[in-house]
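Structural features, examined
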Amino acid sequence: MCDVAATLEEGDIIVKALKVHLYVTGDLAFYAMVLGKEGMSGHWCHLCKISRKDFDNLAMEGELWTTKAMIETAKEVAESDSKKPKHGVKTKLWWPFIDIQNYVVPLLHTLIGIGNDILDNLKDIVNDKIERITKTEHNARASLATVDATIKSLVAERDSFDESAAGKELKSLRRKIKAREK
């Protein structure tokens, strides 16, 4: 996006100065890297100062980063003896001229991660406030995914055995037993 900031005349040439608004998009690992938080994408929010342990608390609002605050934090880390990251910040921003607010949230991560969290929380609200299921039933429903995964794993293991030499031998022996029982 460009805005015309000024128009100047120099002889017969008109010079226009444009203010260009830069935006950045990418995945969370990329954001962490360019914001001086490399390796911290799973541990710290790139927009605010919330850590991973607080991600599940959807009601929590973190203090939003500003470009100035992030530059100051990177400077503090660089000047410290320990060089220990602060709020995930390890080094200076790659592009301090791009405002933090112009880092567009990646749609894929939003749809997958936050979307799943919202759906899970909606289910919890429905179960607690509308459907009023017992804690035992809630736990049973939650364990269904684990049971389904276990069944699929066991079926795949059985199919693999059936295709093996030992599985084919067992199948042959069962046929012979059935034939003798007749």
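Residues numbered from 1 in each chain as written. Predicted model: local features only at pLDDT ≥ 70, side-chain atom pairs only at ≥ 80, totals over all residues. Heavy atoms only, no water.

1. Focus on the packing of aromatic side chains
- According to the stated counting rule, one finds three aromatic pairs in the structure shown.
- Between Tyr-31 and Tyr-103, the ring centres sit 5.7 Å apart and the planes meet at 75°, which makes this aromatic pair edge-to-face. Remark: Tyr-103 occurs in the loop between α2 (67–79) and α3 (107–131) and Tyr-31 occurs in helix α1 (residues 28–34); sequence separation between them is 72 residues. By the burial criterion, Tyr-31 is buried, and Tyr-103 matches it.
- Relative to Trp-95, the ring of Trp-94 lies with its centre 5.9 Å away and its plane at 90°, an arrangement referred to as edge-to-face.
- The class of Trp-94 is partly exposed, set by a relative accessible area of 45%.
- Residue classification places Trp-95 among the partly exposed positions, given a relative accessible area of 26%. (Phe/Tyr/Trp six-rings, centres within 6.5 Å; stacked < 30°, edge-to-face > 60°. Helix = DSSP H or I, 4+ residues; strand = E, 2+ residues; numbered from the N terminus. Buried < 20%, exposed > 50% of the residue type's maximum accessible area, 1.4 Å probe, protein only.)

2. Considerations on the side chain of Thr-73
- With respect to the helices and strands, Thr-73 occurs in helix α2.
- In this structure Thr-73 comes out as buried when scored by relative accessible area, which is 8%.
- One polar contact links the side chain of Thr-73 to the main-chain carbonyl oxygen of Ala-69, over a distance of 2.8 Å.
- Apart from the residues lying within four places of it in its own chain, the contact partners of Thr-73 are Trp-65, Lys-86 and Val-89. (Polar contact = N/O pair within 3.5 Å; in protein donor to acceptor, adjacent residues only side chain to side chain. Contact = heavy atoms within 4.5 Å.)

The values are spatial; any link to function lies outside them.
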